[in-house]
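# Coordinate inspection notes
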Amino acid sequence: KGGASMLQLKSAGNLAQALSVLVEASKLSTADASHITALVQNRNSDEDQDVGAPAGAVYESHSGDILQVLTDLMEDAESQLDSARNTETKDRHAFDLMKQSLKDEIRYGQKEIDEAKTGIAAAGQKKSKAQGELAVTSKDLAADVKGLADLHHECMTKAEDFEAETKSR
């Protein structure tokens, strides 16, 4: 439940209505609310009677019950505050741990990215160098294949010439 607003309290016509609004808006139990209501009604009926001291045997004090209710409310509020502070401290600690973990993860991921980029650059250089060497080697191979073909052709021509000379003798 939420607390009573000042607007609700201002609209209350008397002390009984104001306490009623506070009781409805607070965490008071039904028993506590009935104690407060009984006290207020008792005071209202006393105000309606003639002004004078109450008879000694007839008067019964209700302030002890109210003080106990207020003390219990104060203790509940303090325990809720302590609980909320403990929860907030634990949540803050968990948040800080998660934040640090994520920062470390990002830093490690960035390091891996940088290493991968360096590796890619090195591999690119090796590839370019290898492609250059392949081109040179391919040209050399083509020249050697052509030279082999020319040599083979020359050999065949000389072999035919030799055979022709041998026949003609």
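Averaged over every residue, the pLDDT of the protein chain is 81; residues scoring 70 or more account for 63%. Ranking the elements of the protein chain by mean pLDDT puts helix H1 (residues 6-10) last, at 48, and helix H4 (residues 63-168) first, at 94.

Glancing now at the pattern of salt bridges. Counted by the stated rule, this structure contains two salt bridges. Residue Arg 92 is joined to Asp 96 by a salt bridge in which the shortest nitrogen-to-oxygen separation is 3.7 Å. On the criterion of helical spacing, the pair formed by Arg 92 and Asp 96 is a turn pair, its members being four residues apart in helix H4. Of the residues examined, Asp 96 reaches a relative accessible area of 34% and is grouped as partly exposed. Close ionic contact of Asp 104 with Arg 107 constitutes a salt bridge, the shortest N to O distance being 3.2 Å. On the criterion of helical spacing, the pair formed by Asp 104 and Arg 107 is a turn pair, its members being three residues apart in helix H4. Owing to a relative accessible area of 33%, Asp 104 belongs among the partly exposed residues under this scheme.

Definitions and cut-offs
- Residues numbered from 1 in each chain as written.
- Predicted model: local features only at pLDDT ≥ 70, side-chain atom pairs only at ≥ 80, totals over all residues.
- Heavy atoms only, no water.
- pLDDT = per-residue confidence, 0-100.
- Helix = DSSP H or I, 4+ residues; strand = E, 2+ residues; numbered from the N terminus.
- Salt bridge = Lys/Arg side-chain N within 4 Å of Asp/Glu carboxyl O.
- Buried < 20%, exposed > 50% of the residue type's maximum accessible area, 1.4 Å probe, protein only.

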